[in-house]
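# Working through the structure, step by step
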Amino acid sequence: MINYLLRVEDKMTVSINKAINTQEVAVKEKHARTCILGTHHEKGAQTFWSVVNRLPLSSNAVLCWKFCHVFHKLLRDGHPNVLKDSVRYKNELNDMSRMWSHLSEGYGQLCSIYLKLLRTKMEFHTKNPRFPGNLQMSDRQLDEAGENDVNNFFQLTVEMFDYLECELNLFQTVFSSLDMSRSVSVTAAGQCRLAPLIQVILDCSHLYDYTVKLLFKLHSCLPADTLQGHRDRFLEQFRKLKDLFYRSSNLQYFKRLIQIPQLPENPPNFLRASALSEHISPVVVIPAEASSPDSEPITDLVETDTASQQSLFDNKFDDIFGSSFNDPFNFSGQNGMNKDDKDRLIEQLYQEISALKEELDNFKAESHRLGVQLRGRISELEAELAEQQHLKQQALDESDFLRTELEELKKQWEDTEKAQRSLTEIERKAQANEQRYTKLKEKYSELVQNHADLLRKNAEVTKQVTVARQAQGDVEREKKELEDSFQRVSEQAQRKTQEQAEVLETLKRELTASKQELQALQSTLQSSLQSEAERSTRTVGLEQERDTLVVAVTQRSQEVTALQAELQQLKDALDSEKESSSKSLETLQTRLGEKESREQALQQRLLDEQFALLQCTVQEAEQMVQDSLNRLDDPAHISCTSSADYLLCRTLAASDCIERLQGAHGKYLSNRSDVSSLLPCVALFAHLISDTILQGSATSHMVPMEPADLLSEMCKQCGSEALHYLGALKDEASLGGADCTAVRNCLSRISALGEELRPKGLDVEQEELGDLVDKEMAATSAAVETAVARIEDMLSKSRAGDTGVKLEVNERILGSCTDLMQAIQVLVLASKDLQREIVESGRGAASPKEFYARNSRWTEGLISASKAVGWGATVMVDAADLVVQGKGKFEELMVCSHEIAASTAQLVAASKVKADKDSSNLARLRQASRGVNQATAGVVASTKSGKSQIEEKDSMDFSSMTLTQIKRQEMDSQVRVLELENQLQKERQKLGELRKKHYKLAGVAEGWDEDAAE
């Protein structure tokens, strides 16, 4: 595939170099056809321009002429992308056209006019992309091109007039460059100049047809007076085109290459709607066998029919003399026939042969005529078939485009439905999760309450255990006290026992010692026995008390054992209750953790889905802004225009949207689960930024170069900053730090530029318009009266100081100026009366100032026209004063008079635009306008007459000059003539640029760009 494309590119390069060369011969059709096929293979004209840029088009006029011819063919029959690839070279073609316009001989002017035609063709197809390069369209497609809008049809007709004007200009220039007294169409040089006219003829036939149909359509919608200029321009182009078609059809070169249609004798009558049915579209037929001057000749039908004619002649001969007559001129074998009979027979045969030859010639001529007619009819049918195929292809392409667009819309609708369903499902899940969360929260509250109850029970049990432990401690202390008491009692009893034993031992010793003293101590013994008995009794009591204490200790021990058993049971029950409570608490905590993790997962999923929606919206917004930036470089966008006021409106809306977007952004950062307020703000932000960028670019098309470049650059910077901000919103890492301050600053700078580019005529307050109209009309009247007084003063001074011819010239000029000023006075008064009538009839219950404010555009037109009339009167008086003094130029006076005529015409147009057509004041205004025109003509005539009288005094005397001096003077005069011609050409160019600038500034001051934007 790559090798094939390389071969096609190489073949196209060779054909371009062969077609565009310095030889003064016509471009061969096969080379041009190869170039056309090459553009369809590569779907563009990159190869063509890469080869052409290496050619010295600015140094060789023939080379440039042949380039224009080939480029015209590519624009007509090449791929549609040829126009897009060639728009970038439009300025270079314009510079080359200006360069060749300085060469007045040879191909210089031809190349300049042809390049201008190609630039006009490119601009026409750029503004009207529905028109194909070959201009072949049906009536339905022509209606669609105008979008059924009378304003579009009006503008389209003007553009077609300009287009056709360039075609006719090239036509006439080529014919004027040829010497029509010789057969130039058969020479190589003549064919080189005539060959491009075939493309011109094809374009002119379609443009003439479409212009007629559009004019009939416009006359059905608009008044006839409004279209008077269109009709005049059409009649002029109709006469030129008819003459050129007639002259072309008589050239031998065109007769075998193209069948040129003839226009009707009279132009169509657009004032009669039924005349459209009488209109016949001119059809240019290119015979298939003669599509190229270098193509192989095709055998004539006469030659192909020779055999049939010869057979017909033989059959007739056999009918006369018989089929067995082998040699009709061998009379030696005929017996009984004398010489006279032979001569008569020979003469008769000669006559029959002559008759048969004439019949054969007639038959050949008729066959040739029928063949030509059939070939012409075949070509017409082929052209119609090609047109039908083209229309069919266009219909198929349009159907595919609409089908594709319908599928895209269906996909977008399905995606929207899916997103809506997904959003609904997410909301449903969120509600379910919220309900589940509420239930879990209730369950958790219940578990917390149960856990609190268990903790309270545990505290009570712990308290009881503490009380039991305290009781056990008390019992143990009592037990210890009892044991200590028992120990003390035991020790005391033992000590008493020991004491008793010691006493007994003492008694025994005393008994042993007292046996001797028994009698003496009888009473002492009796008391001792009683004491012992008491001691024994006390000992028995102590033993009983000890037994009782032992029993009490045993009972206390049993009670302590029972309390310990009960305490152990309570401990076991408390441990089991703690264990079951901890298990249930762990289970509930596990379930609660699972619920919380699931809820967190659902919450995170919801946040992710919300952020995904934000990313999709931001991505669509980026595509919208990027599409607006891409459209800035689209050639079709060059024809779009807008106004500074509309741009300011869009900029203000975008700034307000940024404020809302910042608020929604902060709200989303505080609550990531709610993105509903941010999504519409992002979409509206992208829409308004895109609209601001496009309107800013469209506004730059209507302003001077420097502010236009600055405005375009600011629009691009605003788009890039918006894309940067949207990219920050799309990234989760930079979402929190996204800042649109840079976008707001760009919008502020665009607003400042828009304020500077606003029309200056709109700075006047609407309430001041009525007063301003009266002031300007009064100022105009005062200026005219002052001018009349100055002219009378100048006339009196001239009569006092001048004599002879100068006095006569000054009286004539000042008298015509006085007449002009008087006519202007009458016109201003009539305009005031008509203006007063318009205000009274149109204001209704409103005041005049309100009427002026309501019709501000018409009011500003009156103000501008009044200013122009007053200024023109003042300038003309100054110029007349200088002329009378001998310091001025007659030309300045003539220019001032023409300027006053134009200004008064503007005042008349502004005054009568809202007037009733049957108004008597309107009739007076028209009569006054005609008087101003006549007075202007009188000023110009008197100025020219005075100038000629003054110049006649300076007679030229060459009687005293020698031959060398005369030759020297002649050369100096030629040099002066060339210098003056060059200066004249430059001044004309300067005048044209000044008029363009004046027209543009006047349009800005009166708000024409606003109308274009609306």
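In short, a report on the structure. Sequence positions are assigned chain by chain, starting from 1 and proceeding in written order. For this predicted model, a pLDDT threshold of at least 70 governs which residues receive local features, and a threshold of 80 or more governs which side-chain atom pairs are given and counted, while totals over whole chains, interfaces and linings are taken from all residues. Water and hydrogen atoms play no part in the side-chain values, which are based on all heavy atoms of the structure.

Below, the discussion takes up the overall build of the protein chain. The helix and strand labels rest on DSSP assignments: H or I over at least four residues marks a helix, E over at least two residues marks a strand, and numbering proceeds from the N terminus. Along the protein chain, the regular secondary structure elements total 29 helices and 0 strands. Buried residues are those whose accessible area, probed at 1.4 Å on protein chains only, stays under 20% of the maximum for their type, while exposed residues exceed 50% and partly exposed ones sit between those limits. In the protein chain, which comprises 1014 residues, the proportion classed as buried is 34%. Note on contacts: a residue pair is in contact if any heavy atoms of the two residues lie within 4.5 Å. A sequence separation of at least 24 residues applies to 80% of the contacts in the protein chain between residues at least 6 apart. All accessible-area figures derive from a Shrake-Rupley calculation using a 1.4 Å probe, and residue coverage is judged against the displayed protein chains alone. For the protein chain, the computed accessible surface area is about 59,700 Å², with 52% contributed by carbon and sulfur atoms.

The pocket and cavity definitions rest on a 1 Å grid over protein atoms only: a 1.4 Å probe that fits but cannot leave marks a cavity, an open set with protein on both sides within 12 Å along at least five of seven lines marks a pocket, and residues lining either have an atom within 4 Å of a point. Grid points are joined across faces, edges and corners, and a volume is the space filled by probe spheres set on the points. The final tally for this structure, using the stated rule, is 3 cavities of 30 Å³ or more. By volume, the largest cavity is sized at about 60 Å³. Lining the largest cavity are Asn433, Arg436, Tyr437, Leu440, Lys595, Arg598, Glu599 and Leu602. At the level of elements, helix H16 (339–514) and helix H17 (522–631) are the ones that each hand at least two residues to the lining of the largest cavity.

Let us look at the packing of helix H18 (residues 644–670) against helix H19 (residues 678–700). Direction vectors running N to C along H18 and H19 enclose 155 degrees, while the axes themselves pass 8 Å from each other. When the axes of H18 and H19 are compared, the pair comes out roughly antiparallel. The chirality of how H18 crosses H19 is left-handed. To get an axis, a line is fitted to the C-alpha atoms, and for a helix only the part in contact is used. The angle between two axes follows their N-to-C directions and goes from 0 to 180 degrees. Oblique is the label for every angle not falling under 35 degrees (roughly parallel), over 145 degrees (roughly antiparallel), or within 65 to 115 degrees (roughly perpendicular). Definitions for this section: a left-handed crossing has its near helix turned counterclockwise from the far helix by less than a right angle. A right-handed crossing has that turn clockwise.

Attention now moves to unusual backbone geometry. Positive phi, close to 55 degrees, is recorded for Lys43, a residue that is not glycine. Look at Glu147: it is not a glycine, yet its phi comes out positive at around 55 degrees. Structurally, Glu147 is set in the loop between helix H8 (139–145) and helix H9 (150–177). Relative accessible area serves as the criterion here: at 54%, Glu147 is assigned to the exposed category.

Quick look at the pattern of salt bridges now. In what follows, salt bridge is the name for a side-chain nitrogen of Lys or Arg lying within 4 Å of a carboxyl oxygen of Asp or Glu. Counted under the stated rule, the structure contains 22 salt bridges. Across the pair Lys240 and Glu165 runs a salt bridge whose closest N-O atoms are separated by 3.6 Å. Of this pair, Lys240 sits in helix H12 (residues 228–249) while Glu165 is found in helix H9, placing the two residues 75 residues apart along the sequence. Since its relative accessible area comes to 22%, Lys240 is described here as partly exposed. Residue classification places Glu165 among the partly exposed positions, given a relative accessible area of 28%. Several salt bridges share partner residues, and in doing so they unite Arg76, Lys121 and Asp203 into one network.

Looking now at the packing of H9 against helix H11 (residues 197–219). Remark: H9 packs on H11, axes separated minimally by 9 Å, with the N-to-C direction vectors making an angle of 150 degrees. Looking at the two axes, H9 sits roughly antiparallel to H11. Here H9 runs over H11; the crossing is left-handed. Residues are grouped as follows: nonpolar covers Ala, Val, Leu, Ile, Met, Phe, Trp, Tyr, Cys and Pro; charged covers Asp, Glu, Lys and Arg; every other residue, Gly included, is treated as polar. Its residues assigned to classes, the contact of H9 with H11 comprises 22 nonpolar, 2 polar and 3 charged.

Once that is clear, we can look at helix H6 (residues 90–100). Of the positions making up H6, those classed as buried are Leu93, Met96, Ser97 and Trp100. Here the buried residues of H6 occupy an arc of 105 degrees about the axis, which is enough to place them on one side. The inward-facing, buried residues of H6 contact helix H3 (46–52), helix H4 (61–77) and helix H7 (108–127). By construction, the arc corresponds to the directions joining the helix axis to the C-beta atoms.

Take the side chain of Lys121 next. Along the chain, the position of Lys121 falls in helix H7. Beyond its immediate sequence surroundings of up to four residues, Lys121 is in contact with His72, Leu75, Arg76, Gly133, Tyr163 and Asp203.

Bringing the packing of aromatic side chains into the picture now. When we look at a pair of aromatic rings, we describe it by the centre distance and by the angle of the planes. The criterion for an aromatic pair is that two Phe, Tyr or Trp rings (for Trp, the six-membered ring) have centres within 6.5 Å, with stacked assigned to planes under 30 degrees apart, edge-to-face to planes over 60 apart and tilted to the rest. One pass over the full model with this rule turns up 20 aromatic pairs. Ring centres 6.0 Å apart and planes at 70 degrees place the aromatic pair Trp49 and Phe67 in the edge-to-face group. You can see Trp49 sitting in helix H3 and its partner Phe67 sitting in helix H4, a full 18 residues away along the chain. The buried category is assigned to Phe67, whose relative accessible area is 0%. Each ring, one from Tyr208 and one from Phe234, has its centre 6.0 Å from the other, and the planes form 15 degrees; the classification is stacked. Taken as a pair, Tyr208 in helix H11 and Phe234 in helix H12 lie far apart in primary sequence, 26 residues in all. By relative accessible area, which is 3% here, Phe234 ends up buried. Aromatic ring contacts, followed pair by pair, group Phe48, Trp49, Phe67, Phe71 and Tyr89 into a single cluster. A ring is considered to have a charge above it if a Lys NZ or an Arg CZ atom is located within 6 Å of its centre and within 35 degrees of its normal. One Lys or Arg, Arg193, reaches over the ring of Tyr107 and ends 4.5 Å from the middle of that ring. The ring of Phe153 has Lys217 lying over it, and the distance from NZ or CZ to the ring centre is 5.5 Å.

On to the nonpolar core, then. Nonpolar side chains in soluble globular proteins tend to end up buried together. Put simply, buried Ala, Val, Leu, Ile, Met, Phe, Trp, Tyr and Cys residues joined by side-chain atoms within 4.5 Å make one nonpolar core. The biggest cluster of nonpolar side chains holds 95 residues, and the ones touching the most others in it are Ile20, Phe48, Phe67 and Phe131. With 14 residues, H11 is the single largest residue contributor to this core. Counting residues in hydrophobic clusters, the runner-up holds 46 residues, among them Val625, Leu629, Leu678 and Leu688.

In short, the description is geometric, and any link to function would need to be established separately.
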